[in-house]
Amino acid sequence: MKVGPAFARTVGHFFPDFNDWLDDVPDPRRQDRIEYRPRFLLWYGVLLFVGKLGSRRQLDFKYREQGTSVLRNVNRLAQTSQDTAPHNDTLDDYLAGVGAAPIADLRASMMGRLIRMRALDEARVQGRLVLAVDGSGYLVFRQQHCRHCLTRKAGEDVLYCHQVLEAKVLGPAQMALSLQSEFIDNQDVPATGGEPKRKQDCELKAARRLLTKVREGFPRLSLCLSLDALYACGAGFALGKDFGASYVIVFKEGSIPTLWTEFQTLLLLCPDDRLEVSEDGWRHTYRWVDELPYTDSDGRQWRLKAIHHAGEGPAGKRSEWAWLVSSDLKVNARTVEQIAWGAGRARWVEENQGFNVQKTSELSLEHAYSEKDHFGAYHLLLQVAPVLLQLLEKGSLLRGLAEQSGKKSAVALLGSLKNMAAFLVESLRNLEWPAEALAGAEKIQIRLDSS
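Residues numbered from 1 in each chain as written. Predicted model: local features only at pLDDT ≥ 70, side-chain atom pairs only at ≥ 80, totals over all residues. Heavy atoms only, no water.

Any two packed helices are characterised by the angle at which their axes cross and by the distance between the axes. At a minimum axis distance of 6 Å, the contact between helix α5 (residues 70-78) and helix α16 (residues 417-430) shows a crossing angle of 100°. Accordingly, the angle class assigned to the pair α5 and α16 is roughly perpendicular. Facing V70, N73 and V74 of α5, the residues of α16 in contact are S427, L428 and R429. The residue inventory of the contact of α5 with α16, partitioned by class, reads three nonpolar, two polar and one charged. (Axes fitted to C-alpha atoms, helices over the stretch in contact; angles between N-to-C directions. Helix = DSSP H or I, 4+ residues; strand = E, 2+ residues; numbered from the N terminus. Parallel < 35°, antiparallel > 145°, perpendicular 65-115°, else oblique. Contact = heavy atoms within 4.5 Å. Nonpolar A, V, L, I, M, F, W, Y, C, P; charged D, E, K, R; others polar.)

Here you go:
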């Protein structure tokens, strides 16, 4: 199976400077104890998640076995000449010193490259990249793990949690590519006073920190935030204003009841602001209000727009959604579908490709990967791997192999995304990847499948 060489070519095409970026990650180890080059260890960490091994211990069983081609292939990927494969504890010790920030810089370099080469432009909405922001728990403990744990009640028990807020670019071909992460935890501990009282962190606070980092890395990038109903409030609207971004926010009757009532009234008064489309057995009806004023609890005045979508499908299936839209987006018969599907309903891509796949597959988002306090480094390596896997899955290299076999897609060829990772591991173990798979890959053409 040629999945391995296709993976190497995909990395080389989209990220020809990948190894240079790895060299930018500092090496915190004592110089007299260095045995493995940092770029080799970082590749080893990336391949832990690319291969969906599920736990750090599996590195020793899958990648250190004698007689396989793993060491030669990783050396070729990293352009190194290591004599042995490291123990999984070696990777853990290295990441404990590195921490999360340099891995975040690596991801930013990757995403910056994709943005500059315009690989994601097909999914822009009115010239803006769609950035879905959503939070999720990723670690839960029955006992207090550290002083930064969030707490929540589960019946009579108290759970100690770590959560993360992810900003993912919704790209073409139903891709969701991590751009920035912000950990939600109790960092605010008073320095004086009696018993320390931790101020419970929350998603809205973390969103402001997250978007600050996004703007530090991409100050001029045109963005449209795709947000859930939590952000249907003055604090959510202020994120768009303060960080120079448009937004499309899920609007529910219970979010802002008075605004919802006004929205329903204005829909009746604007019968011409309507579009009906029939396709694939579904009839879609879009209605919108082009001006919806709102004054929040802090007295701030907002001028919003709103869209309502109702769908009727085969066998009586129904779908109904509504969104609040920032005033700078044009909402009319020519644009309403793109907004609804490109920035509104597109959130399901982040929820599926982002948290659902990462939790339920062998990526094992909810696995700690270490007993030490550097979960962040593993989480960010986990976010790097799906970028590479999605580019491999949606790229024309595997699609070409599928067409040669009479299949429609990479998933149809390999059976499942789980199989794709398994074939990749077997290729890494049993096939010595040819030099042509690693040289000059930036000069070939790889097109993303948006069908």
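Here the narrative resumes.
So, on to the nonpolar core. Judged by nonpolar contacts, the single largest core of 112 residues is most densely connected at F7, F15, W43, L114 and L324. Looking at this core element by element, the count peaks at twelve residues for helix α13 (residues 375-394). Apart from residues no more than four positions distant in its own chain, L114 is found in contact with F14, F15, A119, L120, L177, V387 and L391. Of all hydrophobic cores here, the second largest spans 23 residues; its members include A132, V250, W288 and W323. (Core = buried A, V, L, I, M, F, W, Y, C linked by side-chain atoms within 4.5 Å. Buried < 20%, exposed > 50% of the residue type's maximum accessible area, 1.4 Å probe, protein only.)

Looking now at unusual backbone geometry. Most peptide bonds take the trans form, and the phi angle of most residues other than glycine is negative. A positive phi angle, close to 65°, is found at R118, a residue other than glycine. Structurally, R118 is set in the loop between α7 (101-116) and β1 (129-141). One non-glycine residue, A173, lies in positive phi territory at about 60°. Within the secondary structure layout, A173 lies in the loop between β3 (157-171) and β4 (175-184).

This model, assessed by the stated rule, comprises 22 salt bridges. Linking R429 and E65 is a salt bridge whose minimum nitrogen-to-oxygen distance equals 2.9 Å. Residue R429 is found in helix α16, and its partner E65 is found in the loop between α4 (58-62) and α5; the two are separated by 364 residues along the sequence. We classify R429 as buried; its relative accessible area is 13%. For the salt bridge of E182 with K213, the shortest nitrogen-to-oxygen distance reads 2.7 Å. (Salt bridge = Lys/Arg side-chain N within 4 Å of Asp/Glu carboxyl O.)

Here the focus is the packing of α13 against α16. Their axes nearest at 12 Å, the elements α13 and α16 cross at an angle of 100°. Classified by the interaxial angle, the pair formed by α13 and α16 is roughly perpendicular. In this structure, α13 uses L389, L392 and E393 to contact α16, whose residues at the interface are L417, M420 and L424. Of the residues contributing to the contact of α13 with α16, the split by class is five nonpolar, no polar and one charged.

On the secondary structure map, H379 appears in helix α13. Here the side chain of H379 touches E166 through a polar contact of 2.8 Å, side chain to side chain. (Polar contact = N/O pair within 3.5 Å; in protein donor to acceptor, adjacent residues only side chain to side chain.)

Moving on, we get to helix α8 (residues 203-217). With 15 residues, α8 extends 21 Å from end C-alpha to end C-alpha; this agrees with the ideal 21 Å at 1.5 Å per step. Along α8, the residues classified as buried are E203, A206, A207, L210, L211, V214 and R215. (Expected span 1.5 Å × (residues − 1).)

This paragraph deals with the packing of aromatic side chains. Summed over the entire model, instances satisfying the criterion amount to 14 aromatic pairs. Arranged with centres 6.1 Å apart and planes meeting at 90°, the rings of F237 and Y294 form a pair that is edge-to-face. Residue F237 is found in helix α9 (residues 234-242), and its partner Y294 is found in strand β8 (residues 282-295); the two are separated by 57 residues along the sequence. Of the two residues, F237 and Y294, both sit in the buried class. Taken together, the aromatic side chains of F14, F15, F18, W21 and W43 make up a single cluster linked through ring pairs. (Phe/Tyr/Trp six-rings, centres within 6.5 Å; stacked < 30°, edge-to-face > 60°.)

So, on to the environment of R429. Measuring from C-alpha to C-alpha, the distance between R429 and Q66 comes to 9.9 Å, with 363 residues separating the pair along the chain. Here R429 is in contact with F61, K62, E65, T68, S69 and V70, once residues within four sequence places are set aside.

Remember that the coordinates give geometry; whether it matters functionally is a separate question.
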